[in-house]
Amino acid sequence: MSSHDLVPTPRNLHFDLPAERICDWYQHCRYMSHWSNSLSIMAPVFERFVIQAIRAHESTLADVPLLSQQVKALIDQEAVHAREHRRYNDLIDLAGLPATRIARRWQTLLHHTLESRWVSNRMRLAATMMFEHHAAMIAGQELRTRKNTPDMEPRFLALWNWHALEEIEHKSVSFDLWRHTLAPGPVRYGLRTSTVLLLSVPFWYMIFESFLRLIWADRHSTEHVHGAWRLAKYLWGPHGFFFGNSRGWLAYFKPGFDPWTDDDVALLKPLEQDRL
Ligand SMILES: [Fe+2]
Ligand SMILES: [Fe+2]
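Since the model is a prediction, treat every value here as computed from it, not as a measurement.

Engineer: For the side chain of H85, give the residues involved together with the corresponding values.
Structural biologist: When you line up the elements, H85 lands in helix 2 (residues 65–94). The exposure class of H85 is buried, given its relative accessible area of 0%. Here S40 takes part through its side chain, which lies 2.8 Å from a polar atom of the side chain of H85. Once residues within four sequence positions are removed from consideration, H85 is found in contact with S40, A43, P44, L159, W160 and H163.

What follows is the structure, encoded as structure tokens:
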């Protein structure tokens with residue numbers, strides 16, 4: 001059985017996150033916590049986009065029962081992710097930080113770009129595939145590195161581990177749907193890879209803007225130099241967020257790209273047993 005046959009398992013989990021730790025749950029560091037918090041803010045907006053982009057192709061699935069089952073499981077997983085991240089984001093608002101305003105900006109950006117009427121369902125699926133690849137790549141790296149990261153608030157850690165696990169579990173579903181709906185050739189390759197070129201700049205710009213808005217709103221803390229340096233190392237260090245994932249970014253441009261080339265299915269089992 002190949003990893004492409006894996007049917008994701010939706011887990012309807014609830015996380016009772018402690019409101020008082022929303023700003024420093026990541027090793028008591030506000031910079032690291034707000035970096036992850038800014039990703040949480042965008043999550044429900046993108047989960048909804050992914051669900052809609054995938055649903056637009058559901059009618060093509062009548063003759064592929066396995067893919068149909070995988071698609072349904074992905075939608076169920078993303079719906080629960082969105083629900084739990086909305087609850088998470090409520091705590092950011094509750095702390096007086098602008099989660100709702102930032103989410104609205106993400107929504108506006110999507111509305112004027114990928115959700116505009118000039119963009120086809122096929123292009124939305126291509127964008128979904130790119131988001132899913134990036135989500136799974138980052139999830140895999142986070143799961144590997146967090147193993148050795150002590151002193152994270154356990155309920156926040158459990159939520160992020162669960163989300164990462166499920167992103168890896170369903171990482172090839174949109175890719176398989178894409179291959180099912182479009183014949184191989186230069187058009188399929190060009191559409192798939194053009195999303196990275198078109199979306200990366202606005203996407204990362206918005207993530208950094210979201211993070212800076214959170215840090216600015218929470219500027220009364222005293223850890224600026226130390227926290228900023230930690231985050232800089234985490235993002236730009238030799239095995240950090242960007243350089244550590246560079247192989248995965250580049251792999252997406254290979255004509256024979258397959259999400260399971262990086263077969264991190266082994267990450268799934270121990271996590272399910274030990275860390276959720
Ligand atoms: Fe998700
Ligand atoms: Fe996903």
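Engineer: For the confidence of the model for the chain, give the residues involved together with the corresponding values.
Structural biologist: Put simply, the chain has an average pLDDT of 91, and 96% of its residues get 70 or more. Averaged over each element, pLDDT in the chain is lowest for helix 11 (residues 268–274) (62) and highest for helix 2 (98).

Engineer: Tell me about empty space enclosed by the protein, residues and numbers included.
Structural biologist: In total, this model carries one cavity of 30 Å³ or more according to the counting rule given. Lining the largest cavity are 25 residues, and of these L39, M42, A135, W160 and H163 lie nearest its centre. Going through the elements one at a time, helix 1 (30–55), helix 4 (121–146), helix 5 (154–169) and helix 7 (186–217) are the ones with two or more residues in the lining of the largest cavity.

Engineer: Can you explain the coordination of the iron ion (ligand 2)? Please cite residues and give values.
Structural biologist: At the metal site, the iron ion (ligand 2) is ligated by E78 (OE), E132 (OE), E132 (OE), E167 (OE) and H170 (NE2), and these contacts range over 2.0 to 2.6 Å. In the primary sequence, the donor residues of the iron ion (ligand 2) line up as E-x53-E-x34-E-x2-H. Note on E167: relative accessible area 5%, which makes it buried. The class for H170 is buried, based on a relative accessible area of 0%.

Engineer: Please provide a residue-by-residue account of the environment of P18, values included.
Structural biologist: Considering the arrangement of structural elements, one finds P18 in the segment before helix 1. What makes P18 buried here is its relative accessible area of 5%. Each C-alpha atom of the pair P18 and P154 lies 9.9 Å from the other, and the pair is 136 residues apart in sequence. Aside from chain neighbours lying at most four places away, what touches P18 is L91, E153, R155 and F156.

Rules used throughout
- Residues numbered from 1 in each chain as written.
- Chains lettered and ligands numbered in written order.
- Predicted model: local features only at pLDDT ≥ 70, side-chain atom pairs only at ≥ 80, totals over all residues.
- Heavy atoms only, no water.
- Helix = DSSP H or I, 4+ residues; strand = E, 2+ residues; numbered from the N terminus.
- Buried < 20%, exposed > 50% of the residue type's maximum accessible area, 1.4 Å probe, protein only.
- Polar contact = N/O pair within 3.5 Å; in protein donor to acceptor, adjacent residues only side chain to side chain.
- Contact = heavy atoms within 4.5 Å.
- pLDDT = per-residue confidence, 0-100.
- 1 Å grid on protein atoms, 1.4 Å probe; cavity = no way out; pocket = protein on both sides within 12 Å on 5 of 7 lines; lining within 4 Å.
- Points joined across faces, edges and corners; volume = space filled by probe spheres on them.
- Donors = N, O, S within 2.8 Å, 3.2 Å for Na, K, Ca; no water.

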